[in-house]
Amino acid sequence: MPIHAKCKLVKKEKLREDIFKFSVESTEIAKTAKAGQFLEIRVTDEIEPLLRRPISIYNIEGNLVEFIFQVKGKGTEILKEREIGEYIDILGPLGRGTFDYKNKKNIAIIGGGIGVFPLYELAKEAKENSKVNIYLGFRNKELVLLEDEFRKVSDKLVITTDDGSYKEKGFAIDFLKQDAENEKIDGIYACGPLPMLKAVQSFAKEKNIPCQISLEERMGCGIGVCLGCAVKVNAGEELVYTHVCKAGPVFDANVVEI
Amino acid sequence: MNTEVNLAGIKMKNPVTVASGTFGYGREFDEFIDLNKLGGIITKGTSLKPRPGNKPPRVCETTAGMLNSIGLQNPGVEYFMEKDLPWLRQFDTKVIVNACGSSIEEYVELAKVLNTLDIDGVELNLSCPNVKAGCMAFGTSYEGVKEVTSKVRKVLDKPLIVKLTPNVTDIVEPARGAEDAGADGVSLINTLLGMSIDIEKRRPVLANNMGGLSGPAVKPVAVRMVYQVAKALKIPVLGLGGIVNGNDVIEFMLAGATAVSIGTGNFIEPEVSIKAIEGVEEYLKRHNIEDINSIIGQVQMN
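Residues numbered from 1 in each chain as written. Chains lettered and ligands numbered in written order. Predicted model: local features only at pLDDT ≥ 70, side-chain atom pairs only at ≥ 80, totals over all residues.

Observations regarding helix α7 (residues 219-232) of chain B
Residue and element names in this part refer to chain B.
- The end-to-end C-alpha distance of α7, which contains 14 residues, comes to 20 Å, matching closely the 20 Å that a straight helix rising 1.5 Å per residue would cover.
- When we look at burial in α7, the residues that qualify are K219, A222, V223, M225, V226, Y227, V229 and A230.
- Residues of α7 that are buried sit in contact with α6 (172-180), β10 (185-188), β15 (237-240) and α8 (246-255). (Helix = DSSP H or I, 4+ residues; strand = E, 2+ residues; numbered from the N terminus. Expected span 1.5 Å × (residues − 1). Buried ≥ 20, exposed ≤ 12 C-beta atoms within 10 Å, placed from the backbone. Contact = placed C-beta atoms within 7 Å.)

Below, the structure is given as structure tokens:
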């Protein structure tokens, strides 16, 4: 069950010029949050900017909830200026569609760019009982993030860059495909840019591997009432929309049309 | 201190309701607030048959507001009466169903069904700007509003409130259409038609290009229209548009609203409606006002 609370910012880390990691205290959120869920963060008490910002949970550690965000507009500009000791207005944890890794021995996690953030908690939790391969793709060397962190929660980590400026050259999905030829994979979990998700979706379908993808869409409320963040459901001829904030953000790849 | 108001025959413990399309059918907010404290709940726009809604992106933030083009996605009235209404009825609050349709026949059929249900009233939606047929197409003229409202009136015995669109030259005209057709009240304003452009892509942000503007940005327009309509009509007005606290509620009531709805504010603070009720009570105390009804329409014009 989500709560609405002001949570104390206890740690703040700049991962890159435009990317920040915040650690906030919330025993309630930390206790109930599941891998794949997100928070709706109000960056100001004023009415401008008006809406909350949906930001995925990166990591849960004791009573700390960590999230990472890229500064992209006026909301995140304000958020990044918040100081340690201040309280941040949070609604969460949100989303009923979460990563389901239970009873899967060998899993593959694939992420791209800033889509890698919600995959960390999943990898960390899954690593306890499963073999975890992680494939992370970035555009170039400067944009590579969290390599050491993901290494610690994986049995195998492949980092790719589109231009070959760091580690493997190419797309992360191609390395996942290669490994799938030689190893058994019981589940694929993906978050990243749309072209990557589409490639993962069609590969998983072709190989008949269970696959979950984490989606994003412009959101209004984050709790399932405004029906803004629509995503098309695979329902044959009939047109059916479900919503990222409530049914997702994590979906069975076979269920949604992206 | 009395906060009870009578809106179009619906007696509410306080004047604060939640607006259609911003509160679902209440379930999501049950996790955050005590629904019993609300004057009323106005449901998501409900049609005779399920509607899929529009293509995404459906929402985008604007200065002190937001645009939406949801397209009245809803599971249909049958689903509502089976699943949501019995659940809603466990709470001590008024339930008003927002009813929408694509044709007069559809409005009438829907009204016939609603007339048989255990609900406190109907808000006839003649004002959604985001669907191709019906709705706002009826709501922009005196004749259009009068025609749909009078046909619905014939089959509906429950309190009937007509929700008006602000996308007109003179808001009083369609409001009169509702009154002359026998409506018990009017609610206003629905969203203002707007557009937002992504200047990098040189395309509108919303897939439907245009959408309805809501939030604090529209409040002065709403207050003005509520004032104009309340002054011209005999039937009560349910005022809405950008309300986010108790002071806003008071402002709408001074302009002439008998009750109000909180809409977009629900997205920002799930507890906004409860806080607004508390804010209203504080205002009444501070001004030694015994009965909230005594402030309705009491603005003194310059």
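Having seen the model, we can carry on.
Focus: the interface of chain B and chain A
- Each side of the interface is counted separately: chain B has 28 residues, and chain A has 26 residues.
- Taken together, the residues of the side of chain B that touches chain A break down into 15 nonpolar, eight polar and five charged. (Nonpolar A, V, L, I, M, F, W, Y, C, P; charged D, E, K, R; others polar.)

Let's talk about the packing of helix α3 (residues 104-115) of chain B against helix α5 (residues 142-155) of chain B
All names here are of chain B.
- Interaxial distance between α3 and α5 falls to 9 Å at its minimum, and their mutual angle equals 30°. The angle between α3 and α5 falls in the class roughly parallel. As for how α3 packs across α5, the hand of that crossing is right-handed. Judged by residue contacts, I104, Y107, V108, A111, K112 and N115 of α3 engage E147, V148, K151, V152 and V155 from α5.
- Each residue belonging to the contact of α3 with α5 can be placed in one class, and the counts come to seven nonpolar, one polar and three charged. (Axes fitted to C-alpha atoms, helices over the stretch in contact; angles between N-to-C directions. Parallel < 35°, antiparallel > 145°, perpendicular 65-115°, else oblique. Left-handed = near helix turned anticlockwise from the far one by under 90°.)

Some points on the domain arrangement of chain A
Residues and elements named next belong to chain A.
- Each assigned domain of chain A is listed with its residue range as follows: domain 1 (3-94) and domain 2 (106-214).
- Each of domain 1 and domain 2 has a C-alpha centre, and the two are 25 Å apart.
- Of all the secondary-structure elements, those providing two or more residues to the side of domain 1 that touches domain 2 are β1 (3-16), β4 (53-61) and β5 (64-70).
- The biggest single contributor to the side of domain 1 that touches domain 2 is β4, with five residues.
- Partitioning the side of domain 1 that touches domain 2 into residue classes produces seven nonpolar, four polar and one charged. (Domains from an automatic or database assignment.)

Brief notes about the confidence of the model for chain B
- Averaged over all residues, the pLDDT of chain B equals 96, while 100% of them reach at least 70.
- We note a pTM of 0.95 for the whole complex and an ipTM of 0.93 for its interfaces. (pLDDT = per-residue confidence, 0-100.)

A word on the sheet that holds strand β14 (residues 210-214) of chain B
All names here are of chain B.
- Spatially, β5-β6-β14-β11 is the arrangement adopted by the four strands of the open sheet, whose pairing is antiparallel. Each edge of the sheet is formed by a strand with only one pairing partner; in this case those strands are β5 (59-62) and β11 (192-195). Strand-to-strand twist in this sheet, taken as the mean axis angle between neighbours without regard to direction, amounts to 40°. (Pairing = 2+ DSSP bridges.)

Focus: the sheet that holds strand β9 (residues 156-161) of chain A
Residue and element names in this part refer to chain A.
- Strand order in the open sheet formed by seven strands is β10-β9-β8-β7-β11-β12-β15, and the pairing between neighbours is mixed. Of all the strands in the sheet, just β10 (168-169) and β15 (250-252) have a single pairing partner and so form its edges.
- As judged from the three bridges shared by strand β12 (residues 211-214) and β15, these two strands associate in the antiparallel manner. Its bridge partner lying in β15, S214 is registered against V250.
- Here helix α6 (residues 194-207) sits on the sheet in contact with β7 (106-112), β8 (131-138), β11 (187-191) and β12, set at roughly 165° to β12.

A few points about helix α5 (residues 172-182) of chain A
All names here are of chain A.
- Among the residues of α5, A172, I173, F175 and L176 are the ones counted as buried. One side of α5 holds all its buried residues, which, seen down the axis, span an arc of 160°. Across α5 from its buried face, at more than 90 degrees, point the exposed residues Q178, E181 and N182.
- If you follow the buried residues of α5, they end up packed against β7, β8, β9, β10 and α6. (Arc of directions from axis to C-beta.)

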